[in-house]
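Here's the letter readout for the chains.
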Amino acid sequence: MLEPALALVSEPALRLPIVSIDFEALDASANHLVQTSAALQNWKDLVTTLSVVEGNVLRAEATSSDAASTFLRVVQLPPPAILEDGFENGVGEWTVDDGVWEVGAPNGALAAAFSDENVYATSLTDGYPGQANSSLRSPLLDLAGVTAPRLRFQYFQDMGEEEGVRLDFLDADGNTLLDSDIIFTGNSGVWVEFNRPIPSQARDTSIFVEFRLLTDDDDSNNGFGFALDEVRVTGN
């Protein structure tokens, strides 16, 4: 005698309410995101799907379990960074001239990176060479059409007063685009943020950002040198 078969019946999946917001975007090509908040602070991102209604009018759709009792808004996200590197993947597309610069975990007067583990530095331990003229050069950065590009990075320095690292901006052929007066020298003691607009002479074209170590003829350099971390180039 055959036993009756057992049928397994599953509960229907719980479907979260879908929030749909039509809005006119200042830049319809930019990424947008729906956010939610119970008290107009501490906004929480929702997974968002965008579609075009007409012209610059977009429709943002997201799912939210508490949409009926919270505030909602649509925000325009900044464009992705043109360069974003904390050197956790090693050398990458950066290049070194005259072989002084190293990437890795620091172990000297500078005991730790600004974030995570790695830095790019004139040395990973204390001491740097005399009579050095060595550059660390970024990947080629395409700034064509980028509005208000900015260069940001964290740096640490422990060097003599007559020595330093000069920040240069080069064209795609490696030629200097302007006479730079940005030189890092002395002892910062801590990580410091650099955050400035990229000069007008280096905009709307492809450029390299270069850090050049320049030292005197004294070989008794027992300071750490110069270290770099969390380099970012962004636009508006």
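The structure under discussion appears in the preceding block.
Described in the following lines is the structure provided in the data block. Each chain carries its own residue numbering, running from 1 in the direction its sequence is written. Given that this is a predicted model, residues contribute local features only at a pLDDT of at least 70 and side-chain atom pairs are listed and counted only at 80 or more, while totals for whole chains, interfaces and linings are drawn from all residues. Side-chain metrics rest on all non-hydrogen atoms present in the structure, leaving aside hydrogens and water.

1. Re the pairing of strand S2 (residues 32–37)
The buried fraction of S2 is high, at six of six residues. Looking at chain direction, S2 and strand S6 (residues 71–76) are connected through six bridges and run antiparallel. For Gln 35, the partnering residue across the bridge sits in S6 and is Arg 73. DSSP bridges decide pairing: two strands pair if at least two such bridges lie between them. Helix numbers and strand numbers start at the N terminus; a helix is a DSSP run of H or I with at least 4 residues, a strand a run of E with at least 2. Pairing geometry for S2 and strand S3 (residues 44–45), over two bridges, is antiparallel. Bridge pairing in S3 links Gln 35 to Asp 45. Turn length for the S2-S3 hairpin, with the two strands adjacent in sequence and antiparallel, is six residues, and the turn residue Leu 40 shows positive phi of about 60 degrees. Exposure categories follow from relative accessible area, calculated using a 1.4 Å probe and restricted to protein chains: below 20% of the type maximum is buried, above 50% is exposed, and the middle band is partly exposed.

2. Quick notes on the sheet that holds strand S4 (residues 48–54)
Read across the sheet, three strands follow the order S1-S5-S4 without closing on themselves; strand pairing throughout is antiparallel. A strand with exactly one partner marks an edge of an open sheet, and here the two such strands are strand S1 (18–24) and S4. For this sheet, the mean inter-axis angle between neighbouring strands, taken without regard to orientation, is 25 degrees. Pairing geometry for S4 and strand S5 (residues 57–63), over six bridges, is antiparallel. Its bridge partner lying in S5, Glu 54 is registered against Val 57. Throughout, an axis means a line fitted to C-alpha atoms (over the contacting stretch in the case of helices), and angles, computed between N-to-C directions, take values from 0 to 180 degrees.

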